[in-house]
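# Topology and contacts: notes
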Amino acid sequence: MTDAEMQTDVTILGLGAMGSAYARAFLKAGKRVTVWNRTSGKAESLVYEGARLAADVKTALLASPISILAVVDHDSIRHLLTDAILAASANRTLIDLTTGTEAEFKALAARTGHAGIPYLAGAVLAYPRSVGSPDTAVFYSGDAAVFEEHKHLLRHIGGAQHYVGADLALGVKVALSLALMGFAAVGGFFEAVAWAEKAGVSVETMSEYVRTSALPFMNECIAYLGERISSDSDDGNQATVDVYVDGFAAALADLEGAGVGSRAVGAIVDYVKIAQRIGLGAKGLSAVYGVVRDNRS
């Protein structure tokens, strides 16, 4: 077998839930995939599905023109990707989908740059079960040319690809920001559904109401608030902070009266109360953004 025949299209380093999902997405797309994991037993099912198991990290990197890092953290990366291994992998592209700090991304970028390895960082906004979906969002940052060269292959991880800028940590920051917003909304979902269930509406019915009614309402709110914040033009003609303070207080009282947790609702109540206290009562809800951004209290 020739060297060309031994080459695969992509290598996955790390076979946790996400790394395994990446490998399966590429295999499903008909790509040749090399995999490596510190515990080789995790690769058994993937090998059965058609992946090739590399004996070590160096072999894994050399097997493909592009490798994806899906390990636990950047401490693991530092131990795996020694200077000698990087030097032997010149001209192979590295896509880093491991969560890290800005300093960690910059440190790895410096090391890969010294070794002649194109490098791109990113983050997937999805659970493993959604990897490979056309709607799954992936946020990349770093060298724009690297993204443009490889986005056709990377779309098999998630079809909604976003290049957000040259700052290597920016893709991860954007994805984590969106995830945190989503989990805050999940807290509100739990409270709303629990409140309705105690009033006699089933969880199944409320979940459907959330999907068909609450989410479109939230989409409209977010679009409106984003526009008002960007233009600094919210005059409160839809509803003022003062109105929100009264309305949220009433809802919070009813939640507490029903014996339902209210920490998610309580957070926005606290924010609008601060906005009112600092003199923004006649403004619209977007005025609360400054309270959050500047950590006012």
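Our structure is the block above this text.
To keep things clear, this report deals only with the structure shown in the data block. (Residues numbered from 1 in each chain as written. Predicted model: local features only at pLDDT ≥ 70, side-chain atom pairs only at ≥ 80, totals over all residues. Heavy atoms only, no water.)

Along its length, the protein carries 13 helices and 8 strands. Taking the principal axes of its C-alpha atoms as reference, the protein extends roughly 75 × 40 × 30 Å. Counting only contacts in the protein whose residues sit at least 6 apart along the sequence, the fraction spanning at least 24 positions is 64%. By element, 57% of the accessible surface of the protein is carried by carbon and sulfur atoms, the whole surface being about 15900 Å². The average position of the 25 basic charges and that of the 32 acidic charges among the side chains of the protein differ by 5 Å. (Helix = DSSP H or I, 4+ residues; strand = E, 2+ residues; numbered from the N terminus. Contact = heavy atoms within 4.5 Å. Areas by Shrake-Rupley, 256 points an atom, 1.4 Å probe, with all protein chains shown as cover. Lys, Arg positive; Asp, Glu negative; His and termini not counted. Charge placed at Lys NZ, Arg CZ, Asp CG, Glu CD.)

Next up on the list: the layout of surface pockets. In this model, the second largest pocket occupies a volume close to 250 Å³. What lines the second largest pocket is a set of 13 residues, among which R228, I229, D232, S286 and A287 lie closest to the centre. Those elements giving two or more residues to the lining of the second largest pocket turn out to be α10 (203–231) and α13 (288–293). Looking at which element gives the most residues to the lining of the second largest pocket, the answer is α13, with 3 residues. Residues of the lining of the second largest pocket, tallied by class, amount to 4 nonpolar, 4 polar and 5 charged. (1 Å grid on protein atoms, 1.4 Å probe; cavity = no way out; pocket = protein on both sides within 12 Å on 5 of 7 lines; lining within 4 Å. Points joined across faces, edges and corners; volume = space filled by probe spheres on them. Nonpolar A, V, L, I, M, F, W, Y, C, P; charged D, E, K, R; others polar.)

The next thing to look at is the nonpolar core. Formed by 29 residues in total, the largest nonpolar core has its most connected members in I12, Y22, V35, I68, I95, Y140 and I157. Among the secondary structure elements, those contributing two or more residues to this core are β1 (10–13), α2 (17–28), β2 (33–36), β4 (66–69), β6 (119–125), β7 (137–142) and α8 (144–154). When residues of this core are assigned to their parent elements, the largest contribution, 6 residues, is made by α2. Here V35 is in contact with I12, L15, A23, A43, L46, A51, R52, L53 and A54, once residues within four sequence places are set aside. In this structure, I77, A115, I117 and A137 belong to the second largest nonpolar core, which totals 27 residues. (Core = buried A, V, L, I, M, F, W, Y, C linked by side-chain atoms within 4.5 Å. Buried < 20%, exposed > 50% of the residue type's maximum accessible area, 1.4 Å probe, protein only.)

Below, the discussion takes up the pairing of β7. A regular strand places its side chains on the two faces of the sheet in alternate fashion. For β7, the buried fraction is high: 6 of the 6 residues fall into the buried class. In β7, alternate side chains face the same way, and those of A137, F139 and S141 on one face and V138, Y140 and G142 on the other are all buried. Note: β6 against β7, 6 bridges, orientation antiparallel. Residue A121 lies in a different strand from β7, and its bridge partner there is S141. Where β7 lies against strand β8 (residues 160–165), 5 bridges are found, and the strand directions are parallel. Bridge pairing links S141 to G165 in β8. The handedness of the β7 to β8 crossover, carried by α8, is right-handed. (Pairing = 2+ DSSP bridges. Right-handed = clockwise from strand over helix to strand, strands pointing away.)

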